[in-house]
Every structure is written in C-alpha cells, then in structure tokens.
Protein chains: 2
Amino acid sequence: MDRFVITPRVLSGFRDYLPEDALAKENLLLKLIPIFRSFGFLPIETPHLEYADILLKQGSDEIQKQLYRFCDNGGRDVALRFDLTVPLARYVTQHKQELGLPFKRYAIGSVFRGEKAQKGRYREFTQCDFDFIGSDCIVCDAEIAQIIYMSLEALNVGEFQICVNNRKILNGIAQMLGVEQNINDILRIIDKLDKIGKDGVYDSLEQLHLKKQVIDDLLSFICLEAENNKGDFLDSLLAQNRTHECFVQGLKELKEFFLILESLPLKEECFKISFCIARGLGYYTGIVYETFLKSMYSLGSICSGGRYDNLTQNFSKEKMSGVGASIGIDRLLVALKQHAIQQNAKILIVCMDDNCFLYGNKVASLIRSSEKVVELYPEAVKLKKSLSYANMRGFEYVVIIGSEELQASKVTIKNLRTSQQQLLDINSIGEYFY
Amino acid sequence: MDRFVITPRVLSGFRDYLPEDALAKENLLLKLIPIFRSFGFLPIETPHLEYADILLKQGSDEIQKQLYRFCDNGGRDVALRFDLTVPLARYVTQHKQELGLPFKRYAIGSVFRGEKAQKGRYREFTQCDFDFIGSDCIVCDAEIAQIIYMSLEALNVGEFQICVNNRKILNGIAQMLGVEQNINDILRIIDKLDKIGKDGVYDSLEQLHLKKQVIDDLLSFICLEAENNKGDFLDSLLAQNRTHECFVQGLKELKEFFLILESLPLKEECFKISFCIARGLGYYTGIVYETFLKSMYSLGSICSGGRYDNLTQNFSKEKMSGVGASIGIDRLLVALKQHAIQQNAKILIVCMDDNCFLYGNKVASLIRSSEKVVELYPEAVKLKKSLSYANMRGFEYVVIIGSEELQASKVTIKNLRTSQQQLLDINSIGEYFY
C-alpha cells in the first residue's frame, strides 16, 4: 500500500528563509548587537505567546483585528505578540524592582499580524527594537539617534538620512490653527504623505471639514525642512512665535537635540529636520524619527521611533517615559541585496577515494578557523560532481586529495576563480590560506 | 475616574529573560554560530506557525497532545512548531531543488509544547539544531561529533563526555535475544535508565513479559562501556559475534567513526562508547549521541542527536538520510551560571550639571568601541544615585564630569573595584581605557 504523503507548504503570508537570506539576516544582526551593547543596552526576551488581555488594550483597532488569538489547552485566552513594545511595557512594569531605572534594552524577535496577504508583507516578521526607558532628558533622544546613525554606518548600506520632528511642534501648530480636537486624524493623514502625496493629504484633510485656509497653512507648514543650519532654522521659528507653549517647547527640544548631535563626530547631512514626520502610532509625544536610504527612498523608513511619555499606562498607574526606535530588518535586507556581501574564505575539501577521508579530516581541521569556512565533501565522488557542488555553494577553493596526495602528504589546491591548480605540501597549507 | 489597569503577568509555563540571562544566552549563541559556520553549515529560518497537518504526523503521541493548535482568522487549522526537525523535513522537501545535497544547516529558535507545568520545564523553549543531510557516510556522523566537541570547548563549560552508541547495535542485540518485536518499548525503557535506575529498567522490562534470562542479558549488555581503547573494545565484540549482520554493521560503523575522531587533535577521554544510550525518539537508525557535563551529570544530556535514514518520510516518497544534533541551550545556561562570565569593560559617564552633557557625550564617543560598553547616565543627579546605579549594573569604572572638569578639559575616573580616583586630561582618556 502506498504511504500517504503530505504536501510540504507554508501558510499564506509566511515564509521560509533560504540559507542565503538567513545568512544575510544573521550577519546584519551580528553587526547591530555590538553597537547596542557598546551603548550599555542589554538584551531581553519575552514569550511569543501572551494572555490576550495584555495585548488587546494597546495597538490600533486594525492591529487588534489582525491578532492571532486562540484558546489554549488550559482554556486560557492567549495571543501571539504583534509587536515588541506592548510586551516591553508589560515586562518593565512586572520587573521594575529587579531592573531599576534608567533601563536600556534591545529585543530582536518575530511578531505576528494576520494582515491581508500582499507582496512584500508577511504575517510573521522580525522586529529589532531598542529603547531607553525612565528618563525625560533629551540626552536619551540624542543617544537613540546616535545608535541609528552608528547602525547604518556599520551596515554599510549607502547614504541615509534620519528625518527628525517633534510631536509637540505638530500639536502646537494644530493649536495655533484651532484644530487640536482633530489632531489624531490630522497626524494619521500627514503620516501618509509619502504614499498619497500632497494632493492626497489635501483631499483627506478636506474630508475632516477643515477650512481651506487651515489646510493650506497646515500643508505649507509640514513641507518645512532643514538639512543645514538647523540651529538657525529653529531660531527663526522661535523668533516668529513665542506664545504657543507646546510649539515653543518642541522647537527648544529639537535645538538641544541637535546641539548634542552636532558636537559629536557624525556627518551633519545625515540628519534632517522634517515637519512632515508624524508617526501614525498614538503613543508618541515628543521627538520622532524616520530614516530613509537615499538610493532607495521608495523602501520607506528603515528605522523609525520616538519619545513616549507613558509606556506602561495599561499596566500601572505610575508613568514611565522613554524613547526608542525599531530597525526594519526586512527592508534593510532588501537594500543590502543591492550591495556586495563580503564573505569569509570558503574552502571545500574533496577526497577522491574512501581511504583519503582520515587525511582529509586532518587537513580540514588544520585550516578551519572562525574566519574560514572549511567543508569536507562527505563522499568519494567524481570530481565533476564535487566541483559542481562547490560552484553551487560559492566556494572559492577546492582542496583535492587522491591516493597520490595522500601518499606524498600533499594536497592539490584549485582556485575556482582563476582555475589555477597547485600541488602543496601539507605543512604549507596553513600558510597558503593564512 | 480611575483608569482600569491590567495586571502584568506571563502565561503559566512561559517566562521572561531578565537582561542578565538574555545576555548569557546571546553570548552562548554568539560563540556557537562561528563554529557551525566554520564547518560550512548555513543558517535557515522557518515560520513559528505551520499548517497543523504538517506537524501532526510526526512526533510522539505525547507531543501531539501538547500541540498549540488553533483555527486562524482565515479558518486554517494551524499550530505552533514543537521542534525544529519536522519543519526541517518539510523545508528540505519543499526546497530540494534550490538547496542541493548534501545540505548542512543550523537553526536556532523557539518551540512550543503545552507540557504539564513543572520546575525547570517551560512551554516555550529554545532549540539549537545542526544537521548534515543527504549522505550516509560515517564521515558526517564524525563531523557532527566534532562540532559538539568544538562547541563545548568554546563555551568553556568544564569537562564533558560525549557518549556514543549505535541503534543498529541495540537492534542487533534484540534480534540475538529474540525480542525484536518489542524493540520500540525496549528502547523507550532503556532511555529512562538515567531517571529510573537499573532496578526501574528491570521492573519495566518485566512488564513487557520478557523472560528473566533475556532481561539479565539485556541489562548486562547495556551496561557495557568503553572510554579508552575503544578500537580494542569493538574488535573483541566483533570477534565474539560475526553472524548477526545488524549488530556487526553497528560495531563496524562505530569503529570507522572513532578512527576518524582519533586521527584529529581531540581529547580522547571526551568520547565514550556507552551501550545504554538509546535516544527515545523513533526516527534514529544509526549512531546516536548524548553529552554530559562531568560536574553536573544530573542536568541530563546537554547535547543529543544521531543518524536517521528517512527524515522526509511524511513529505516525500524519496528517502533522505542524515545526521544531526541539538544543543540544550537552557541546560547549558544553568551550567554556565556556575562559571564566571568574562565581560567587556563597562564604563559609566556621569555628568554633575546639565551643562556638562555635551562634553560628556563627546567623552563617551571617544572611548566607546565594540570591546567597551560606555554608558552615559542621562540626568544630572547626586553622585550617590549614579554610583548606586553603576553598582547595580556592574560597572567597573565611573567617569565623573563636573564644571571643574569641563572647564579644564579633564575627567575624574573612579575605579569601582579599587575605589581609587584619578584626574585625567581628556586627551589621555583613550589611552587609559586601551
């Protein structure tokens, strides 16, 4: 009787990482982690699964609908996390005593959202967040920006620009124009500027029944930006309006922020003030960031974040403020695919006869190191087959061992790039690959 | 009106990693990854969530009952993965064309089992697997053992012993004793030797209605082991019995296996032949491993695995053999807690006045590097408060900056171990921490 076989497949909206992509992702994370750590950030880990009520109160209605929520075998109402921020809020409230403040953490992990399946959108994706919790000082906001900068420099992903704004400035403008009651809708619409353009924003604002003059004023305001002379730009706005407290406060914070960044050895042109940066999420209250690659603007922001003044509002009556950002791992991987990836030397050892494997293993262990990938082809096959394997896997060198090499304590090394071949003594092989 | 607040808590059987533990885990993985890579193993990633039918056919009945299975918003019958092996089987069948054979992968990730809550057992835990797929050669089995060895050496976790057996030897013995129809039950019982002792195994075997003589023979056989002169040990068994093919084949494979390992610069005493190693799981068919720490034998095996001759049986009619192992991350972390962890230098910069922060940031960026954690305390607070923070977080040095230091372009460095304090010029601070 034929055995029943299940068709191997993944769920719609989910994906496997092939080795090449998993390697690129791992390499990326291996570059980010030392940067987070060098600023004193510590890793934490929380479960993928939480009580549903923990997750249900935060997040937009849309995200709530996308929740993977179910009843576990013990009858508990549970759900897969949809971000790393709500679990962080739960975590810092729960462990406040052990953690102490200020507390700086990074977290890297999968989150789940049952979004409509569409190209480039996945229902499970990786978030990489870092947050500075428990201090209101602008020093922290500047540190987060510095980490974004250092991360992108380390990834060598081409020219980038960190666009900075302050929610207080946007709130202040809404106050000045007398539309503060519409502020959440306005922010949501401004946040779409990238996608729907200026005309789209105009149309959407009209639907809020705002006056034409107000819409024009709003639009001309959010188009303001400054790349150079940020201090002068902010000073001139401060000179124009000193009466609206929230607006003034927002400008002063940005001044302090750039004063810090400009005193550090960072490229000034990598930072821009851009009043159209709104960040859709409700919980931001201060400085906000989005980051774009100059050569791939259409990718969208590859690193976003900002300051919030009450992270833990659903879990505690005590306020806990902070500032953080999230690196878009998947978008960065798309961008990095455009850049050449530098790899360690890759060497394949091929034994032509079964009796060569002891010698082959010995040769492998002589040259293997953390800087070199040394792989032993496990079977004695025709050279054609092992060379085709070497090409498929992108090896640079093949070390060939047959009976002659074995008897003479030698190896034949073939450089697959140049096709040059060379007979070497086993004692000089370490030197060859040094 | 008082806002309703949700009690922060994690699900029973789940856990948060506090920074100290998350850091230890990350450090452990950062040591393992370069080892896997240096043997030509590549990372892969599969979703946490799979179609339930993919997961349902494999795994023991017990594991099936522990499955986190539910119906998603699209009406699909889905489940959280309970291991990384079933997803691997699905993955290699599905992507066979792109992957090519042999294929060597490692995977690190969370798996979920709704086990009865008990101390030290978690419903979400980390697996770290590496597998060599698509070759029957003993060279592969030896390579897996070599990676286990290298990993434990790199982790510096104390003396360990990799215990090796071959399923074929156990099957052969069952044949010789005429009890091959009970082999699965027998293996399951032998696998519990550690937990229930020799008497417990005796009692359990009696319940299978085996004859007393058979039980005695079985027990005396599984107590055989060899640490030194493994070749002689195997030769003497081969000399005693050359008629039972399966048994002989098992011994010959072990001979070849140790011939390879003993030709490499590995400590011989780290390997042991132990006929009681059975591995409960049904799919093993050849050489199997378990690894124990000499100082913490009670932890159980910290790295187990073996050879299987049909990984993909549920997904394909084509056979795919391989050999792999799984490192017990959580058990190793328990063991590593006993050892001192070497950390990078940790330096806290403390500004005594608000106007010192620009200078403080500059000092921080001067000395920060991937080998040094340099943290800036974000607020100007009393020295007592920042020193207590430094002690809580385990900093070694505090760099103090007040108005005097700022004006003179100096810093005060306090070594928290020796309590010595020193005034330094800003230009010599890099040298000081070099």
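Note: the structure precedes this text.
Presented here is an overview of the structure given in this document.

Conventions we followed
Residues numbered from 1 in each chain as written. Chains lettered and ligands numbered in written order. Predicted model: local features only at pLDDT ≥ 70, side-chain atom pairs only at ≥ 80, totals over all residues. Heavy atoms only, no water. Helix = DSSP H or I, 4+ residues; strand = E, 2+ residues; numbered from the N terminus. Rg over C-alpha atoms; globule rule 2.2 N^0.38 Å. Buried < 20%, exposed > 50% of the residue type's maximum accessible area, 1.4 Å probe, protein only. Contact = heavy atoms within 4.5 Å. Pairing = 2+ DSSP bridges. Axes fitted to C-alpha atoms, helices over the stretch in contact; angles between N-to-C directions. Buried area = accessible area lost by both parts, 1.4 Å probe. Salt bridge = Lys/Arg side-chain N within 4 Å of Asp/Glu carboxyl O. Polar contact = N/O pair within 3.5 Å; in protein donor to acceptor, adjacent residues only side chain to side chain. Nonpolar A, V, L, I, M, F, W, Y, C, P; charged D, E, K, R; others polar. Least-squares fit on C-alpha atoms with pLDDT ≥ 70 in both. Phe/Tyr/Trp six-rings, centres within 6.5 Å; stacked < 30°, edge-to-face > 60°. Lys NZ or Arg CZ within 6 Å of the ring centre and 35° of its normal. Patch = residues over 30% accessible without salt bridge, like charges linked within 9 Å, V, L, I, M, F, W, Y side chains within 5 Å. Areas by Shrake-Rupley, 256 points an atom, 1.4 Å probe, with all protein chains shown as cover. Lys, Arg positive; Asp, Glu negative; His and termini not counted. Charge placed at Lys NZ, Arg CZ, Asp CG, Glu CD. Parallel < 35°, antiparallel > 145°, perpendicular 65-115°, else oblique. Left-handed = near helix turned anticlockwise from the far one by under 90°. Expected span 1.5 Å × (residues − 1). Bend = angle between axes of the 7 residues up to and from the residue.

Thoughts on the overall build of chain A
When helices and strands are tallied, chain A shows 17 helices and 17 strands. Relative to the compact-globule value of 22 Å for 434 residues, chain A shows a C-alpha radius of gyration of 28 Å, a clear excess of over 25%. Seen along its three principal axes, the alpha-carbon backbone of chain A occupies a region of about 90 × 60 × 50 Å. In chain A, which comprises 434 residues, the share counted as buried stands at 58%. Within chain A, contacts between residues at least 6 apart in sequence are counted, and of these 67% link residues at least 24 apart.

Some details on the sheet that holds strand 16 (residues 410-415) of chain B
Note: strands within a sheet are paired through backbone hydrogen bonds, in either parallel or antiparallel orientation. All names here are of chain B. Pairing in this open sheet of five strands is mixed, and the strands run 14-13-15-16-17 from one edge to the other. Because the sheet does not close on itself, it has two edges, and the strands there are strand 14 (372-376) and strand 17 (421-425). Averaged over all neighbouring strand pairs, the angle between strand axes comes to 25 degrees, with direction disregarded. As judged from the five bridges shared by strand 13 (residues 345-351) and strand 14, these two strands associate in the parallel manner. Across the sheet, residue K346 finds its bridge partner in strand 14, namely V373.

Details of the interface of chain B and chain A
Between chain B and chain A, the contact holds 107 residues from the first and 107 residues from the second. Each partner contributes to the roughly 9400 Å² buried at the junction of chain B and chain A, and carbon and sulfur atoms together form 58% of this total. Connecting chain B to chain A are ten salt bridges. Among the ionic pairs, D53 of chain A bridges to R9 of chain B, the shortest N-O distance being 3.1 Å. Summed over the shared surface of chain B and chain A, the result is 39 residue pairs in polar contact (both at pLDDT 80 or more). Residues belonging to the side of chain B that touches chain A are distributed by class as follows: 53 nonpolar, 25 polar and 29 charged.

Observations regarding the pairing of strand 15 (residues 397-401) of chain B
All names here are of chain B. Of all the five residues making up strand 15, five are buried; the element is thus mostly covered by neighbouring parts of the structure. Because side chains alternate across strand 15, one face comprises the buried residues Y397, V399 and I401, and the other comprises V398 and I400, equally buried. Note: strand 13 against strand 15, five bridges, orientation parallel. Across the sheet, the residue bridging to C351 is I401, located in strand 15.

Considering the relation of the copies chain B and chain A
Once turned by 180 degrees and shifted 0.0 Å along the axis, chain B lies on chain A with an RMSD of 0.0 Å. With respect to symmetry, the two chain copies, as superposed, fit the operation of a two-fold axis. Minimal C-alpha distance to the rotation axis in chain B is attained by F70 of chain B, lying at 3.2 Å. Both copies share a contact surface, since 100% of the interface residues of chain B are interface residues in chain A too.

Overview of the side chain of S110 of chain A
Mapped onto the secondary structure, S110 of chain A falls in strand 5 (residues 103-112). S110 of chain A has contacts with H48, R81, E124, F125 and T126 of chain A together with H48 of chain B, leaving out every residue within four places of it along the chain.

Quick notes on unusual backbone geometry
Following L101 of chain A, the chain continues into P102 of chain A via a peptide bond in cis, with omega recorded as -5 degrees. If you trace the backbone, P102 of chain A turns up in the loop between helix 5 (96-99) and strand 5. Its identity is not glycine, yet N229 of chain A carries a phi of approximately 50 degrees, on the positive side. Looking at the element boundaries, N229 of chain A is found in the loop between strand 8 (225-226) and helix 11 (230-240). By relative accessible area, which is 52% here, N229 of chain A ends up exposed. One non-glycine residue, S419 of chain B, lies in the positive phi region at around 65 degrees. With respect to the secondary-structure elements, S419 of chain B resides in the loop between strand 16 and strand 17.

Quick notes on the packing of aromatic side chains
Evaluated as defined, the whole model comprises 41 aromatic pairs over all chains. Plain terms: the ring middles of F41 of chain A and F130 of chain A are 6.4 Å apart, the flat faces sit at 80 degrees to each other, and that makes the pair edge-to-face. You can see F41 of chain A sitting in the loop between helix 1 (19-38) and strand 1 (42-43) and its partner F130 of chain A sitting in strand 6 (residues 124-133), a full 89 residues away along the chain. Taken as a pair, F41 of chain A and F130 of chain A share a single burial class, namely buried. Both rings, one in F257 of chain A and one in Y289 of chain A, keep their centres 6.2 Å apart while their planes meet at 45 degrees; by these two values the pair is tilted. Linking F257 of chain A in helix 12 (residues 245-262) with Y289 of chain A in strand 10 (residues 284-293), this pair joins segments that are 32 residues apart in sequence. Judged by its relative accessible area of 0%, F257 of chain A falls in the buried class. The rings of F36, F41, Y106, F130 and F132 of chain A are connected pair by pair, giving a single aromatic cluster. A cation over a ring is seen here: R9 of chain A above Y51 of chain B, with NZ or CZ 4.1 Å from the ring centre.

Observations regarding the pairing of strand 6 of chain A
All names here are of chain A. Within strand 6, ten of the ten residues are buried, leaving the element largely enclosed by the surrounding structure. Of the two faces of strand 6, the one carrying E124, T126, C128, F130 and F132 and the one carrying F125, Q127, D129, D131 and I133 are both buried. As paired elements, strand 6 and strand 12 (residues 322-327) share six bridges and run antiparallel to each other. In the strand pairing of strand 12, C128 is matched with I327.

Examining the environment of L23 of chain B
Tracing the backbone shows L23 of chain B in helix 1 (residues 19-38). Separated by 345 residues in the primary sequence, L23 of chain B and R368 of chain B have C-alpha atoms spaced 19 Å apart.

Examining a negative patch on the surface
Residues and elements named next belong to chain A. Taken together, E227, E262, E268 and E269 make up a surface patch of like negative charges. When you line up the elements, E269 lands in the loop between helix 12 and strand 9 (271-274). For E269, a relative accessible area of 36% gives the class partly exposed.

Some points on the packing of helix 1 of chain A against helix 13 (residues 329-336) of chain A
Geometry of a packed helix pair, given as the angle between the helix axes and the separation of the axes. All names here are of chain A. Between helix 1 and helix 13, whose axes approach to 10 Å, the crossing angle comes to 110 degrees. With respect to their mutual orientation, helix 1 and helix 13 come out roughly perpendicular. Judged by the sense of rotation from one axis to the other, the crossing of helix 1 with helix 13 is right-handed. Of the residues in helix 13, those in contact with A24, K25, L28, L29 and L32 of helix 1 are I329, L332, L333 and L336. Across the contact of helix 1 with helix 13, the residue classes tally to eight nonpolar, no polar and one charged.

Considering the sheet that holds strand 13 (residues 345-351) of chain A
Residues and elements named next belong to chain A. On the basis of which strands lie adjacent, the open sheet formed by five strands has the order 14-13-15-16-17 and mixed pairing. Since the sheet does not close on itself, it has two edges, and those belong to strand 14 (372-376) and strand 17 (421-425), each with one partner. Each neighbouring strand pair of the sheet contributes to a mean axis angle of 25 degrees, computed without reference to strand direction. Those strands touched by helix 15 (residues 383-392) are strand 13, strand 14, strand 15 (397-401) and strand 16 (410-415), and its axis lies near 165 degrees from that of strand 13.

A word on the packing of helix 7 (residues 167-176) of chain B against helix 10 (residues 212-222) of chain B
All names here are of chain B. Axis separation between helix 7 and helix 10 bottoms out at 11 Å; the angle between their running directions is 160 degrees. Relative to helix 10, helix 7 is oriented roughly antiparallel. In terms of crossing hand, the pair formed by helix 7 and helix 10 is right-handed. Residues I169, L170 and I173 of helix 7 pack against L218, F221 and I222 of helix 10.

Some points on helix 9 (residues 193-206) of chain A
Residues and elements named next belong to chain A. Here helix 9 contains 14 residues, and its C-alpha end-to-end distance of 14 Å is more than 12% below the 20 Å for a straight helix at 1.5 Å per residue. Of all the bends in helix 9, the greatest, near 75 degrees, is centred on D199. Within helix 9, burial applies to L193, G200, V201, Y202 and L205. Taken together, the buried residues of helix 9 touch helix 8 (183-190) and helix 10 (212-222).

Limitation: the analysis is restricted to geometry and does not speak to function.
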